[in-house]
Structures are given as C-alpha cells and as structure tokens.
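Residues per chain, in single letters:
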Amino acid sequence: MSVNNPLLGLLTVGLSVFLIGGTLFSLPRSVPGPIATPTAEDTVDTKRLRLLMVGLAQDMARINTGIWHEDAELVRQGASSIATHPRIPPDQIAKIKKALGPEFQNFVRFDKAVHGTATELVSAAEARDWSGVLSTYTELRDGCFGCHTAYRDRLRPVLAPAE
Ligand code: HEC
C-alpha cells in the first residue's frame, strides 16, 4: 500500500494538470482566458461563435472517447452538451445574416440539424444502442463538416475583426 499511495498521488496531479492544461490550450489566442474579463456578450447563454465551436469540438472528443471505452454516459454528456449549446450574441447573428443574405436560412438549417442529431445521439446513448450511437455520431460529424464546407471560410473574416 505504501507503494500505491504515492503512485495514486502522482496520477491525481497528472490528471489535474491534464484537465487544466486541456482547458487552457483549447482556448484560441484571440479569446480572453478565464482571468481576463469576458466581453459583455459572453454569457452562459450567449457565446461568441468561435469560442462556442471550441466547446463543440471538446464535446465531440468526449463522445469519441465514450465510444472507444463503451462509456455510454460519456457519450450522453457530450451529445447533451452539443444539443444545448449556448446561442451566439445578437451582433454576431447580425453579421452572419448580412454576409450570407438569403443563404442565412441554410446556415440556420445546418445548426438545427446538428441540434436534432445531437438529441438523437443522447437517446441512442441512453438506450445503449451502440450501432445507433455510431451512425448518429457519423451523421453529427457530417453536419459539422457540412456547415464548415459551406460557410466557414466565408464567415471567418466577417467574424474575426470584432473579436
Ligand atoms: C451552422 C454552421 C456550423 C455548424 C453546424 C458547426 N460549425 Fe464549427 N464553425 C462554423 C464557422 C462559421 C466557423 C468559423 C468561426 C470563426 O473562425 O470565427 C467554425 C469553426 C469551428 C472550429 C474552429 C475554431 C477555431 O479555433 O478557429 C471548430 C473546432 C469547430 N467549428 C467545430 C465544430 C463542431 C465540432 C461542430 C459540430 C458539432 C461544428 N463546428 C458545427 C460554423 C459551424
């Protein structure tokens, strides 16, 4: 036991460093860190698009880990977090609307599709329906890529200057 305890301590320290490090590294440089004062529009309910996207990617990583370890609860958590992700602030919505014009509706459709698929993934994980989890996860990822392929390059310069 005297051998196990220091090992356990090391493991705990390592894990916390990993967790804290993970959070810090995943923040894009242009976004204020946890110590900096967030801008007025960064609330629990509304997050700037890019910060929000980083969160989505972390949720996808959680789902992925859950799939490999057959940990349905981890899959459920990641999917639920995507399904209930915060909205983006009104000034960014206005910019996207202006940049995309009539195509804005299509952008919204991509967002809704991702929400819908994430909700299905929650149900599949709750039912421990692994084949459903896999197919829904693939569909979800395709939904992310679909919007990126269509709009990411166009919107990046529109959204970046004000950040
Ligand atoms: C409705 C459109 C849309 C959907 C759906 C979408 N994204 Fe994005 N995503 C964007 C746009 C636009 C950008 C570029 C934002 C910028 O650079 O300011 C982006 C950027 C990103 C980035 C890059 C962030 C960075 O550091 O520059 C990541 C990561 C990301 N998305 C992950 C995801 C994941 C994961 C999903 C699905 C769960 C997803 N996105 C779904 C539109 C979308």
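Cut-offs and rules
Residues numbered from 1 in each chain as written. Predicted model: local features only at pLDDT ≥ 70, side-chain atom pairs only at ≥ 80, totals over all residues. Heavy atoms only, no water. Helix = DSSP H or I, 4+ residues; strand = E, 2+ residues; numbered from the N terminus. Buried < 20%, exposed > 50% of the residue type's maximum accessible area, 1.4 Å probe, protein only. Polar contact = N/O pair within 3.5 Å; in protein donor to acceptor, adjacent residues only side chain to side chain. 1 Å grid on protein atoms, 1.4 Å probe; cavity = no way out; pocket = protein on both sides within 12 Å on 5 of 7 lines; lining within 4 Å. Points joined across faces, edges and corners; volume = space filled by probe spheres on them. Nonpolar A, V, L, I, M, F, W, Y, C, P; charged D, E, K, R; others polar. Near = heavy atom within 4 Å. Sits in = over half its atoms within 2 Å of the grid points. pLDDT = per-residue confidence, 0-100. Contact = heavy atoms within 4.5 Å.

Position of Asp-129 among the secondary structure elements: in the loop between α5 (104–126) and α6 (130–159). Note on Asp-129: relative accessible area 37%, which makes it partly exposed. In the structure, Asp-129 is positioned 57 residues away from Ala-72 in sequence and 9.0 Å away in space, judged by C-alpha atoms. Here the side chain of Asp-129 touches Gly-132 through a polar contact of 2.9 Å, landing on its backbone nitrogen.

In this structure, the largest pocket occupies an estimated 1000 Å³ of space. Lining the largest pocket are 37 residues, with Leu-49, Leu-52, Met-53, Leu-56 and His-148 sitting closest to its centre. Elements represented by at least two residues in the lining of the largest pocket include exactly α2 (49–68), α4 (90–100), α5 and α6. When residues of the lining of the largest pocket are assigned to their parent elements, the largest contribution, twelve residues, is made by α6. The residue makeup of the lining of the largest pocket, split by class, is 26 nonpolar, four polar and seven charged.

Once that is clear, we can look at the site of the ligand. Residues in contact with the ligand amount to 18 residues; listed here are only the nearest, Met-53, Cys-144, Cys-147, His-148 and Arg-156. The contact in question runs from an oxygen atom of the ligand to an N or O atom on the side chain of Arg-50, over 2.8 Å. Of all the cavities here, the one that holds the ligand is the largest pocket. Those elements that provide at least two residues to the shell around the ligand are α2, α5 and α6. Along the lines of polarity and charge, the residues of the shell around the ligand split into 13 nonpolar, one polar and four charged.

What follows concerns the confidence of the model for the protein. Residue-level pLDDT values for the protein average 81, and 72% of them are 70 or greater. No element of the protein has a lower mean pLDDT than helix α1 (residues 4–26), at 43, and none a higher one than helix α3 (residues 72–83), at 98. Note that pLDDT drops below 50 for residues 10–37; the model gives that stretch 16 contacts with residues more than four away or on any other chain.

A word on the side chain of Thr-136. With respect to the helices and strands, the residue Thr-136 is situated in helix α6. A relative accessible area of 7% places Thr-136 in the buried class. Apart from the residues within four sequence positions on either side, Thr-136 is in contact with Thr-117, Glu-120 and Leu-121.

Positioned with a positive phi, Glu-70 is a non-glycine residue whose angle comes to about 50°. Residue position: Glu-70 is located in the loop between α2 and α3. In this structure Glu-70 comes out as exposed when scored by relative accessible area, which is 57%. At Arg-128, a residue that is not glycine, the phi angle is positive and equals roughly 50°. With respect to the helices and strands, the residue Arg-128 is situated in the loop between α5 and α6.

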